[in-house]
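The residues making up each chain are set out below.
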Amino acid sequence: MLAIPPSITDISVEELRSELDLEPRYRLDQIQHAVYSTNSTSFDDILTLPVGTREALAKKFSYEAVAPLRTETSLDGTKKVLLRTGDGSVIETVQMPTERHKATTICLSSQAGCAMGCTFCATGDIGLTRNLTSGEIIDQFLYFRRRSGDEQVPDRAVFMGMGEPLANLAAVEGAVRGLVEPGRVGLGARRVTVSTVGLPSGIRALADWGLSIGLAISLHAAVDEIRQCLVPVARRILLEELMDASTYYQRIAGRRVTYEYTMLEGVNDSRVQAKEVVHLLRGQRCHLNLIPFNSYPGARYRGTAPDRIRDFRDVVGLGGVSVTIRRTRGRDISGACGQLHAGGLTN
Ligand code: SAH
Ligand code: SF4
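Residues numbered from 1 in each chain as written. Chains lettered and ligands numbered in written order. Predicted model: local features only at pLDDT ≥ 70, side-chain atom pairs only at ≥ 80, totals over all residues. Heavy atoms only, no water.

Caption draft 1: Highlighting helix α2 (residues 26–37). The end-to-end C-alpha distance of α2, which contains 12 residues, comes to 16 Å, matching closely the 16 Å that a straight helix rising 1.5 Å per residue would cover. Among the residues of α2, Arg27, Leu28, Ile31, Gln32, Ala34, Val35 and Tyr36 are the ones counted as buried. The inward-facing, buried residues of α2 abut α1 (13–19), α3 (51–60) and α5 (134–147). (Helix = DSSP H or I, 4+ residues; strand = E, 2+ residues; numbered from the N terminus. Expected span 1.5 Å × (residues − 1). Buried < 20%, exposed > 50% of the residue type's maximum accessible area, 1.4 Å probe, protein only. Contact = heavy atoms within 4.5 Å.)

Set out below in structure tokens:
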């Protein structure tokens, strides 16, 4: 157990209701509204509540589980914030502008660091400090919602920051429920995506939550031998098992799965490998996202050149698999996929 109070966002609507035992029924709505839909940053700001209730809540819960240490803004408008949790762990969260007018996507961390050790990822290099709580995840979103103004409204959340979400399943489930529930963050299932290194039991659990949120699976290679060099867990989880879980998700959630494929020069980017991808994915309800490699100090790979990425895309597309190249954001502030390392400060 953490020696820090839970965040008010750590608890479900039912838990908050029983917390407010003797209070009038409308108190619950007042608190939910203030926490999730206003810019207030402390219980003292909820002027609709009696002072006694504010004080009682402040004794038991923190209002914001994460506090900013440093913010950086990219030339493309991406913002990265270094956040400190109550026990001093440090994580990073990124806000990315989207093509949609004034809308932004928040890239959430689910763990401080990551234990998966993927060989092309800066977060993998630092190892795992600890799992985040549901409240610490939701509060990353609210951090931006409370401070963004009308020009940069956060309306989408993707679990593509630090950590492997499906290695922290219970907290991520709580966070996802908080993000989609109408009375809380209220994004709706279509606006939340979990990205996983590919843990089959977690993928099946996600399907069984019954929320139909978006799922992205980090594929990176269509044959086990190459995947095992990039993603250590692939040594015990073969592609066949991963594809079974993915098909289960497509069927139960009724949604197309996105596969992510980071393009590494001379490793997974040949035309033969593009055809292997087609062989693996053809016939699935899926989309392939090719990610240009984002480098970082100490990186062991080089990224595939843009024209080779386009060539790979064309081979996959002609093979009948839906495919696009991801637009890179925030590279100049080390805020792009795989670059988050919290300055090595995670604990
Ligand atoms: N742990 C989850 C989510 C966080 S990583 C996962 O692995 O899916 C988000 C995405 O960034 C993943 O698809 C990951 O493979 C990719 N990624 C990691 N390092 C990268 C890098 N250096 N350049 C480009 N993409 C990278
Ligand atoms: Fe962890 Fe994802 Fe990075 Fe792999 S790619 S080390 S799973 S954050």
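Caption draft 2: Spotlight on unusual backbone geometry. For Ser212, which is not a glycine, the phi torsion comes out positive at approximately 55 degrees. Of note, Ser334 is a non-glycine position whose phi angle comes to about 50 degrees, a positive value. With respect to the helices, strands and loops of the structure, Ser334 is situated in the segment after β12 (323–325). Accessibility expressed as a relative area gives 27% for Ser334, which makes it partly exposed.

Caption draft 3: Spotlight on the domain arrangement of the protein chain. Structurally, the protein chain comprises domain 1 (8–60) and domain 2 (66–344). Its C-alpha centre places domain 1 at a distance of 33 Å from the equivalent point of domain 2. With 12 residues of domain 1 at the contact, the number on the domain 2 side is 13 residues. When domain 1 packs against domain 2, close to 980 Å² is buried across both sides, 44% of that on carbon and sulfur atoms. Where domain 1 touches domain 2, the interface holds zero salt bridges. Counting across the interface, domain 1 meets domain 2 through 12 residue pairs in polar contact (both at pLDDT 80 or more). Element by element, the count of residues in the side of domain 1 that touches domain 2 is highest for α2, at three residues. (Domains from an automatic or database assignment. Buried area = accessible area lost by both parts, 1.4 Å probe. Salt bridge = Lys/Arg side-chain N within 4 Å of Asp/Glu carboxyl O. Polar contact = N/O pair within 3.5 Å; in protein donor to acceptor, adjacent residues only side chain to side chain.)

Caption draft 4: The arrangement of the site of ligand 1 in detail. The environment of ligand 1 is formed by 21 residues, the closest being Phe120, Gly163, Ser195, Ser218 and His220. Within the side chain of Glu164, an N or O atom sits 3.3 Å from a nitrogen atom of ligand 1. Note that a nitrogen atom of ligand 1 is positioned 3.4 Å from one of the backbone N or O atoms of Cys337. Taking 530 Å² as the accessible area of ligand 1 by itself, protein coverage stands at 96%. Broken down by secondary-structure element, the contributors of at least two residues to the shell around ligand 1 are β8 (192–196), β10 (257–263) and β11 (286–292). Here the shell around ligand 1 is built from residues that sort into 10 nonpolar, nine polar and two charged. (Near = heavy atom within 4 Å. Areas by Shrake-Rupley, 256 points an atom, 1.4 Å probe, with all protein chains shown as cover. Nonpolar A, V, L, I, M, F, W, Y, C, P; charged D, E, K, R; others polar.)

Caption draft 5: Here's a closer look at the nonpolar core. Within the largest apolar cluster, 104 residues are counted, with the highest numbers of intra-cluster contacts made by Phe159, Val176 and Leu288. With seven residues, helix α9 (residues 239–253) is the largest single contributor of residues to this core. Residues in contact with Val176, not counting those within four places in the same chain, are Phe159, Val192, Val194, Trp209, Leu211 and Ile213. (Core = buried A, V, L, I, M, F, W, Y, C linked by side-chain atoms within 4.5 Å.)

Caption draft 6: How the structure looks around the side chain of Ser148. Mapped onto the elements, Ser148 comes out in the loop between α5 and β7 (153–159). Take Ser148: its relative accessible area is 16%, and that puts it in the buried class. Engagement of the side chain of Ser148 in a polar contact is seen with the side chain of Gln95, the distance being 3.1 Å. Polar contacts involving the side chain of Ser148 include one to the main-chain carbonyl oxygen of Phe144, which spans 2.5 Å. When sequence neighbours within four positions are dropped, the list of residues in contact with Ser148 reads Gln95 and Pro154.

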